[in-house]
Amino acid sequence: MRTERRPTSLPPSREAPEQVIVRLRRSGRHLVWPAIFFVVLCFGVGFWWNRFPAPWLNTALPIVAAGLTVLLSLLPLIFWLNRVTIITNRRLIVTQGFLVRERTEFLLGRASDAVLRRRPVQLLSGSGDVIVHAGAEGTMVLRDVPRARLVHRAITDLIDRANPSGA
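Since this is a predicted model, take the numbers as computed values, not measurements.

Rules behind the numbers
- Each chain carries its own residue numbering, running from 1 in the written order of its sequence.
- Only residues with pLDDT of at least 70 are given local features in this predicted model, and only at 80 or more are side-chain atom pairs given and counted; all residues enter the totals for whole chains, interfaces and linings.
- Each side-chain value is worked out from all heavy atoms of the structure, with water and hydrogens disregarded.
- Criterion used throughout: strands pair if DSSP finds at least two bridges between them.
- Under the DSSP-based scheme used, a helix requires at least four consecutive residues in state H or I and a strand at least two consecutive residues in state E, with every element numbered from the N terminus.
- Axis definition: a line fit to C-alpha positions, over the contact stretch in the case of helices; interaxial angles, taken between N-to-C directions, run 0 to 180 degrees.
- When checking whether two residues touch, look at their non-hydrogen atoms; a contact exists if any pair is within 4.5 Å.
- Throughout, exposure labels follow a simple rule: accessible area from a 1.4 Å probe, protein chains only, divided by the maximum for the residue type, with under 20% read as buried, over 50% as exposed, and the rest as partly exposed.

As for the sheet that holds strand β7 (residues 139-145)
Phase 1: The three strands lie next to each other as β5-β6-β7, forming an open sheet whose pairing is antiparallel. Each of the sheet's edge strands pairs with one partner strand only, and the pair in question is β5 (113-117) and β7. Ignoring which end each strand starts from, the neighbouring axes of this sheet average 15 degrees apart.
Phase 2: Two strands pair when backbone bridges link them, and β5 and strand β6 (residues 128-133) are joined in this way by five bridges, in the antiparallel orientation. Across the sheet, the residue bridging to L116 is V130, located in β6.
Phase 3: The sheet strands contacting helix α4 (residues 148-162) are β5, β6 and β7, and the helix crosses β5 at an angle near 170 degrees.

Here you go:
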């Protein structure tokens, strides 16, 4: 007697699994001024340490310096680390936020084209804005992406693979 076996799981998908191509942050150019400020502040505190006539000023100096360091050096670094762009073979994903994470996804299969826009300062640093259009569904702008030409070329290739008919 022959018994029929039922499959215990679904058959494997014929599509290739989604792969992460690259993870990006904005250009590191945004951290130059906070880093310069931090170095200048450290030298300034070292120079002015114990040079004030009133003792309370010598006590207030490191407190004010710590507050300025947090405000003008540490917060820009945290904001820069906070926004991540992930490019996969099927979509673009942008995540940002401190306490509440915001995630924006954009399917490359619906995209029609990608445009690279570079301002003069971005030209000097090799970064740029990559704008991905999807017709009536909207656009996604990847702001100040490092190595913008390479990212633009990769996104264009991914759009061409997702839309083989050229539609």
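Now that the structure has been shown, the text picks up again.
Examining the side chain of S27
Phase 1: Here S27 lies in the loop between β1 (20-24) and α1 (32-48).
Phase 2: Residue class for S27 comes out buried when judged on its relative accessible area of 6%.
Phase 3: For S27, the contacting residues outside a window of four places in its chain are W80, S125, S127, D144 and P146.

Overview of the sheet that holds β1
As a general point, the strands of a sheet are linked pairwise by backbone hydrogen bonds and lie either parallel or antiparallel.
Phase 1: The four strands lie next to each other as β1-β2-β3-β4, forming an open sheet whose pairing is antiparallel. Each end of this open sheet is capped by a strand with a single partner; those strands are β1 and β4 (102-107). Taking each pair of neighbouring strands and ignoring which way they run, the sheet shows an average axis angle of 15 degrees.
Phase 2: Two strands pair when backbone bridges link them, and β1 and strand β2 (residues 84-88) are joined in this way by four bridges, in the antiparallel orientation. Counterpart to V20 in the pairing with β2 is T88.

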